[in-house]
Amino acid sequence: MSSEPAPVAAKLGRAISAYQASVDDFDREVARLMGVNETDLRCLEILLNELEEAAPSLLAARLGLTTGSITAMLDRLEKLGYLTRSPHPTDRRKTLVRATPEAARRAFELLAPLLDEGTRDLLTRYSVEQIELITEFLDRTGELQRSHVERLRAMPTTPVGNRPQGAPSPAAARPGEVHG
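Thresholds, definitions, all that
- Residues numbered from 1 in each chain as written.
- Predicted model: local features only at pLDDT ≥ 70, side-chain atom pairs only at ≥ 80, totals over all residues.
- Heavy atoms only, no water.
- Axes fitted to C-alpha atoms, helices over the stretch in contact; angles between N-to-C directions.
- Helix = DSSP H or I, 4+ residues; strand = E, 2+ residues; numbered from the N terminus.
- Parallel < 35°, antiparallel > 145°, perpendicular 65-115°, else oblique.
- Left-handed = near helix turned anticlockwise from the far one by under 90°.
- Contact = heavy atoms within 4.5 Å.
- Nonpolar A, V, L, I, M, F, W, Y, C, P; charged D, E, K, R; others polar.
- Expected span 1.5 Å × (residues − 1).
- Buried < 20%, exposed > 50% of the residue type's maximum accessible area, 1.4 Å probe, protein only.
- Arc of directions from axis to C-beta.
- Core = buried A, V, L, I, M, F, W, Y, C linked by side-chain atoms within 4.5 Å.
- Polar contact = N/O pair within 3.5 Å; in protein donor to acceptor, adjacent residues only side chain to side chain.
- Patch = residues over 30% accessible without salt bridge, like charges linked within 9 Å, V, L, I, M, F, W, Y side chains within 5 Å.
- Areas by Shrake-Rupley, 256 points an atom, 1.4 Å probe, with all protein chains shown as cover.
- Salt bridge = Lys/Arg side-chain N within 4 Å of Asp/Glu carboxyl O.

Caption draft 1: Fine view of the packing of helix α1 (residues 5–34) against helix α5 (residues 101–125). In the contact formed by α1 and α5, the axes pass within 11 Å of each other and the chain directions differ by 140°. Relative to α5, α1 is oriented oblique. The crossing of α1 and α5 is right-handed. Judged by residue contacts, F26, V30, L33 and M34 of α1 engage A103, R106, A107, L110, L111 and L114 from α5. Considered class by class, the residues forming the contact of α1 with α5 number 9 nonpolar, no polar and 1 charged.

Right under this line is the structure:
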């Protein structure tokens, strides 16, 4: 660790913020090209990368959506041919949701150039040990983000006009502070 933690922390904060912004921009463009919104895309990411199938209630919890919102989202994605719903094999009251091969094909078509270039550029630039350290860092920052998503979801929504007097605006931040 550096003997000057404040400048290093600020530099890291700026780099993470810039990286997050570029990921957000990329996701927004993938969503646009797939004809979905960003929450719909996140649902597809979960089904394609994390869970082969899921109950709507699990997806609602993961995405922070109400049952009505998750139903509307699943209806949209099913209409686009990006997911299927089928009865749960042991509980007839439940439904399971799966991404379709078309969703996987379309997402991979859009992601493949990024993945290919990342493999060529990044994996040849860093040693195995450096890649392991970067991976550990990303895993830990992901855990930190997820815990704070849960913290934020537990907070009540406060309309802008109801902020306590003297409270900073939501867009206010200290230089180098990480957003997202």
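Continuing now.
Caption draft 2: Here's a closer look at helix α4 (residues 67–79). In this model, α4 (13 residues) spans 18 Å end to end at C-alpha, consistent with the 18 Å of a helix rising 1.5 Å per residue. Within α4, the full set of buried residues consists of I70, M73, L74 and L77. Relative to the axis of α4, the buried residues are bounded by an arc of 100° and lie together on one face. Of the surrounding secondary structure, the elements contacted by the buried residues of α4 are α2 (38–50), α3 (56–63), β1 (83–87) and β2 (95–99).

Caption draft 3: Main features of the nonpolar core. Ranked by size, the top nonpolar core spans 24 residues in total, and within it M34, C43, L47, L59, L74 and L77 carry the most contacts. Counting residues per element, this core draws most heavily on α2, at 5 residues. The contact partners of L74, leaving out residues within four places of it in the chain, are C43, P56, L59, L83, R85 and V97.

Caption draft 4: Structural context of the environment of E78. With respect to the helices and strands, E78 occurs in helix α4. A relative accessible area of 35% places E78 in the partly exposed class. Between the C-alpha atom of E78 and that of V97, which follows or precedes it by 19 residues, the distance is 9.5 Å. Ignoring sequence-local partners within four residues, the contact set of E78 consists of L83, T84 and R85. Separated by 2.9 Å, the side chains of E78 and R85 make a polar contact.

Caption draft 5: Representation of a nonpolar patch on the surface. Judged by side-chain polarity, L12, L122, Y126, I134, F137 and L138 come together as a nonpolar surface patch covering roughly 500 Å² of accessible area. Within the secondary structure, L122 sits in helix α5. Judged by relative accessible area, L122 falls into the partly exposed class, the value being 42%.

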